[in-house]
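Descriptive analysis of the structure
Spelled out, the chains give:
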Amino acid sequence: MIDRRSFIRSSAIVSGAVLAGVAPVLAADAEIEITPREDGPEISAHLYGQFIEHLGGVIYDGIWVGKNSKIPNVGGIRKQFIDDMTRIGVPNFRWPGGCFADAYHWRDGIGAKRPRTYNYWQASAPDGVDVTESNNFGIHEFMHLCKLTGAEPYLAANMASGSPQEFHDWVAYCNAQVGTSSLADERAANGDKEPFGVKWWGVGNESWGCGGDMNPQEYATLYRRFVTQYPAYAPKPFLVAVGPRGHQPDLDLGWTKGFFEAMVGHRSPVDGLSIHFYTDFRNSAEKVATFNAQGWFDVIREGARIEDVIKQHWALMEKFDPKHHTRLIVDEWGVWYKKGEEIAPNYLLSQPLTLRDAVHTAYSFDIFNRHAEKLAMTNVAQTINCIHSLFLAEGDKFVRLPPYYVFEMYRGHMNARQAGIKIHCEDLNVPTAAGSATIAGLSGSASTKGKMLTVTLTNPSIDSPRSAVVRLATGGITEGRGQVLTHEDMTKSNTFAHPNEVHIAPFRVNIRGNLAEISVPPRAVVALELKLS
Ligand code: AHR
């Protein structure tokens, strides 16, 4: 065995069943206690959000193939992308960056004649690769994508090379009614009479780095200049300030503290604080698709640190904002491996993710669900042909990567009420560079929507299944069904040649009174839908 359980506790689980007044179940490895709560916080659908940037093959080819392309498209947008995003109920897209946003001038992306401009990512492109921005995909094309998929737009304003005026003009262009502002009339002349109704606005991106290299005090001063005269067109905005790089060893608590200290006594609203958290393997030998047991667990363990990042920044913010007006937005998250395995040289950062990254996705979502009261949104970085992608696409080739299926399996949590979950399960000893560490044997989250209880679970073990009983604190279960994502080879992915290697399969659930009996395979993500009586 590569990983190993610490001890066996199945006898306690059997006695639990007797106490609950039902016939004893066979000894199980784990007991999962669920407490549905009518007043549980809502898990916003926006926790399952997306991020797309003008970076490598994300926009061009990934999403935008052009109106004259032979690739099936709707007004230039890849049809398969629209269909697959709609299928998982995509709640939002964050656009146009990322680092790109802080050099982007929105006027370059409107009208019939568009300039060719410098793209921030040119400096990271391999020799000979030209990433000059065509501006073929601008605000109208982005809004059409949102409309076609049912997603809400989340725009990032240019703070580093833009001005408050450019930002305010963009707001007016998007949100003013025709006839009230020349900018709205210009929007109508460009094909969209109805206002776009953009509510979510990011004020800068990574202003501590590519977005201006500022300290928190400098950023706070600029933030206030950008938002004080925000034009009051409907809808009421949700303004997101740049927050920390959470993946730093010290979690970058200094940024959050410095920013909120500098905002004390000022009136500018801060509705959201953005956290970026990359499971950062850029400077390690870890590869995307070739790894051993230690590599499997290193990624899972590192990714799970997001929970601490959320908790610590939230606790710090409480000192400045005891009622928590400001919510957290994890608007960039995902596993970032070192360069070298891209699908093509000009598809910068495109990573052929595997089952390991799907398990990481499930861990992240279970953490987000368990902290739903703190989080207004999260956005995976980035949706297609990039770091933690759901798809790869190149010309007429398109494939769903394993993380896509986790989005599909977790749909039941969107806009549901968080339920209490306690998992009693022995820990797992796992290999690390220093020897070994322990991680939870199973992790998960639960929520209810009317009479439907959704429970999602991850078994990170490479070789051991976990039998478990799911027990309701009150009430019974009348029906149950499940889905599982796993593969006997932990390094497997889907490729253009073999697109269905890793896929969702039906999962057996045995219902007995207020119990659901299951057996979670190793290397697996499971989603249960249990109908409450
Ligand atoms: O997602 C890629 C880049 O990572 C983004 O442009 C930037 O915000 C972050 O550093």
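Residues numbered from 1 in each chain as written. Predicted model: local features only at pLDDT ≥ 70, side-chain atom pairs only at ≥ 80, totals over all residues. Heavy atoms only, no water.

A word on the overall build of the chain. Scanning the chain from N- to C-terminus turns up 11 helices and 26 strands. Against the globule reference of 24 Å for 533 residues, the chain gives a C-alpha radius of gyration of 24 Å, in line with a compact fold. Judged by the C-alpha coordinates and their principal axes, the chain covers about 75 × 55 × 45 Å. Counting the 533 residues in the chain, one finds 60% classified as buried. A fraction of 77% describes how many contacts in the chain between residues 6 or more apart in sequence connect residues 24 or more apart. Accessible surface for the chain amounts to roughly 20,300 Å². Of this, 51% is attributable to carbon and sulfur atoms. Charged side chains in the chain number 52 positive and 58 negative. The centres of these two groups are separated by 4 Å. (Helix = DSSP H or I, 4+ residues; strand = E, 2+ residues; numbered from the N terminus. Rg over C-alpha atoms; globule rule 2.2 N^0.38 Å. Buried < 20%, exposed > 50% of the residue type's maximum accessible area, 1.4 Å probe, protein only. Contact = heavy atoms within 4.5 Å. Areas by Shrake-Rupley, 256 points an atom, 1.4 Å probe, with all protein chains shown as cover. Lys, Arg positive; Asp, Glu negative; His and termini not counted. Charge placed at Lys NZ, Arg CZ, Asp CG, Glu CD.)

Of the two faces of strand β10 (residues 238-241), the one carrying Phe-238 and Val-240 and the one carrying Leu-239 and Ala-241 are both buried. Pairing of strand β9 (residues 200-203) with β10, which is carried by four bridges, proceeds in the parallel orientation. Note on β10: the bridge partner recorded for Trp-201 is Leu-239. In this fold, the crossover linking β9 to β10 by way of helix α6 (residues 216-227) has right-handed handedness. With two bridges joining them, β10 and strand β11 (residues 272-281) adopt parallel strand pairing. (Pairing = 2+ DSSP bridges. Right-handed = clockwise from strand over helix to strand, strands pointing away.)

Time to look at the pattern of salt bridges. For the coordinates displayed, the defined rule picks out 21 salt bridges. A salt bridge links Glu-261 to Lys-257, with the shortest nitrogen-to-oxygen separation between them at 3.1 Å. Note that Glu-261 and Lys-257 are positioned in helix α7 (residues 253-263) at a spacing of four residues, about one turn of the helix. A relative accessible area of 40% places Glu-261 in the partly exposed class. Salt bridges linked by common partners bring Arg-94, Asp-331 and Glu-332 together as one network. (Salt bridge = Lys/Arg side-chain N within 4 Å of Asp/Glu carboxyl O.)

Near the ligand lie 14 residues; those nearest to it are Glu-53, Cys-99, Glu-206, Tyr-278 and Glu-332. Here an oxygen atom of the ligand sits 2.7 Å away from a polar atom, N or O, in the side chain of Glu-53. The separation between an oxygen atom of the ligand and a polar side-chain atom of Gln-382 is 3.0 Å. Within the complex, the protein chains bury 94% of what would otherwise be the 280 Å² of accessible surface of the ligand. (Near = heavy atom within 4 Å. Polar contact = N/O pair within 3.5 Å; in protein donor to acceptor, adjacent residues only side chain to side chain.)

Take the confidence of the model for the chain next. On average, the chain scores 95 in pLDDT, and the residues at 70 or more come to 95%. Confidence drops under pLDDT 50 across residues 6-25; counting only partners more than four residues distant or on other chains, this segment forms 35 contacts. (pLDDT = per-residue confidence, 0-100.)

The peptide bond linking Trp-95 to Pro-96 adopts the cis configuration, its omega dihedral lying at 5°. Summarising the element assignment, Pro-96 is placed in the loop between β7 (92-95) and α3 (139-149). The omega torsion across Ala-234 and Pro-235 is 0°, close enough to zero to call that bond cis. In this structure, Arg-523 is a non-glycine residue whose phi angle is positive, near 55°. Among the structural elements, Arg-523 can be located in the loop between β25 (515-520) and β26 (524-532). For Arg-523, a relative accessible area of 13% puts it in the buried group.

At their nearest, the axes of helix α4 (residues 164-175) and helix α5 (residues 182-189) sit 7 Å apart, and the two run at 55° to each other. Judged on the interaxial angle alone, α5 and α4 are oblique. The element α4 and its partner α5 pack so that their crossing is right-handed. Between α4 and α5, the residues in contact are Asp-169, Ala-172, Tyr-173, Cys-174 and Asn-175 and Leu-183, Ala-184, Glu-186 and Arg-187, respectively. (Axes fitted to C-alpha atoms, helices over the stretch in contact; angles between N-to-C directions. Parallel < 35°, antiparallel > 145°, perpendicular 65-115°, else oblique. Left-handed = near helix turned anticlockwise from the far one by under 90°.)

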